[in-house]
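Chains, contacts and geometry: an overview
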Amino acid sequence: MSEEPFYRLLEQSPDDPAAARFHATASTAGPWFADAQHLGPPSALLVRAFERVPAAHPLQLSRYTVEILGVVPTGEVEVRARVERPGRTIELLAAEMTAGGRAVLKARAWRLAVTDTEAAAVGEAAPLLEPETAAPQVGRPDGWLPGYLDAVEWRWISGRWDEPGPGAAWGRLRAPVVEGEEPTPLQRLAAVADSANGVAASLPVSEWIFVNTELSVHVHRPPTGEWIGIDAHTVIGPTGTGTVTARLFDEVGHAGHIAQELTVRRR
């Protein structure tokens, strides 16, 4: 990894491993505003917080949902996570990101028991074409700002950022989520998955605004490796809303799904 990290740890709570203060670097910036984060890095930071909440029993993160309360600025942010509903086999976690004393993201995650269901495994989609066979992204579309898009290596199976319609792409982080730490596979998935809206952009961005108000990610097995694949499709309704759904992959195969609700309006 050669890019500037998404976050630098400023202060770790001495009493709570899932609570800390960070500096969000320019690598987190989305393509439209240099002082606003793309939601991929904050999602990964919230997943990191969930992973650091102590568990009394063997449990695995299987679903997380992020609610977007406002623009997530670059600069200083705080994150904390906790158990909301404890349990031996099913547990609900809650997390929050604040900036300038204001909550900008709220999230919840389910942790489920680890059991052996290999003999019953069924229903996975066929794997995507391998990253090595996909077309590398060269540069950025005109007018798109540097930051997050440059901190991820992109390879396209179908579509492009500036080609409206369904798309499929691979992404691999060039930057660590937190400086000095190796991202976990689920952090890597979270950092890339929110790009489903862009991978399957169905309207020209010069004429329309279509931003997601939340995202929900479900995984049916723990992801592995560095590459995360997105096979995404967008539906725009007639009254200003839309949905994005995508299957998520690693190099082994199908690992989960993401869904996003969009608010849509003309520029």
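Being a predicted model, the structure only gives us computed values, none of them experimental. (Residues numbered from 1 in each chain as written. Predicted model: local features only at pLDDT ≥ 70, side-chain atom pairs only at ≥ 80, totals over all residues. Heavy atoms only, no water.)

1. Considering the overall build of the chain
Counting its secondary structure elements, the chain contains 4 helices and 13 strands. For 267 residues, the compact-globule formula gives about 18 Å, and the C-alpha radius of gyration of the chain, at 18 Å, lands near that figure. Projected onto its principal axes, the C-alpha positions of the chain cover 50 × 50 × 40 Å. Scored against the burial criterion, the 267 residues of the chain give a buried share of 49%. Of the contacts formed within the chain by residues at least 6 apart in sequence, a portion of 66% connects residues at least 24 apart. (Helix = DSSP H or I, 4+ residues; strand = E, 2+ residues; numbered from the N terminus. Rg over C-alpha atoms; globule rule 2.2 N^0.38 Å. Buried < 20%, exposed > 50% of the residue type's maximum accessible area, 1.4 Å probe, protein only. Contact = heavy atoms within 4.5 Å.)

2. Things to note about the packing of aromatic side chains
Inspection of every chain in the model, using the stated rule, returns 7 aromatic pairs. Ring centres 5.0 Å apart and planes at 90 degrees place the aromatic pair Trp156 and Trp161 in the edge-to-face group. Its relative accessible area of 6% is what places Trp161 among the buried residues. Just above the ring of Trp32 sits the side chain of Arg267; from NZ or CZ to the centre is 5.5 Å. (Phe/Tyr/Trp six-rings, centres within 6.5 Å; stacked < 30°, edge-to-face > 60°. Lys NZ or Arg CZ within 6 Å of the ring centre and 35° of its normal.)

3. Focus: the pattern of salt bridges
Going through the model one piece at a time under the given rule, you end up with 18 salt bridges. Taking the shortest distance from any N to any O, the salt bridge between Arg8 and Glu4 comes out at 3.1 Å. The exposure class of Glu4 is partly exposed, given its relative accessible area of 32%. Between Glu11 and Arg21 there is a salt bridge whose closest N-O contact spans 3.3 Å. Residue Glu11 is found in strand β1 (residues 7-12), and its partner Arg21 is found in strand β2 (residues 19-24); the two are separated by 10 residues along the sequence. Judged by its relative accessible area of 45%, Glu11 is partly exposed. (Salt bridge = Lys/Arg side-chain N within 4 Å of Asp/Glu carboxyl O.)

4. Remarks on helix α1 (residues 40-51)
Since there are 3.6 residues in each turn of an α-helix, residues three or four apart along the chain are aligned in direction. Along its 12 residues, α1 runs 17 Å from first to last C-alpha, staying within 8% of the 16 Å computed at 1.5 Å per residue. Burial analysis of α1 places 11 of its 12 residues in the buried class, which makes it a mostly covered element. Burial in α1 covers these residues: Gly40, Pro41, Pro42, Ser43, Ala44, Leu45, Leu46, Val47, Arg48, Ala49 and Phe50. (Expected span 1.5 Å × (residues − 1).)

5. Here we look at the pairing of strand β9 (residues 163-173)
Bridge count for strand β8 (residues 152-160) against β9 is 7 bridges, and the pairing is antiparallel. The partner of Arg155 across the bridge, within β9, is Trp170. In this antiparallel pair of consecutive strands, β8 and β9, the connection spans 2 residues. Sheet topology note: the β9/strand β11 (residues 227-236) ladder contains 6 bridges and is antiparallel. In the strand pairing of β11, Ala169 is matched with Ile230. (Pairing = 2+ DSSP bridges.)

From the geometry alone we can't say anything about function, so treat these as descriptive.
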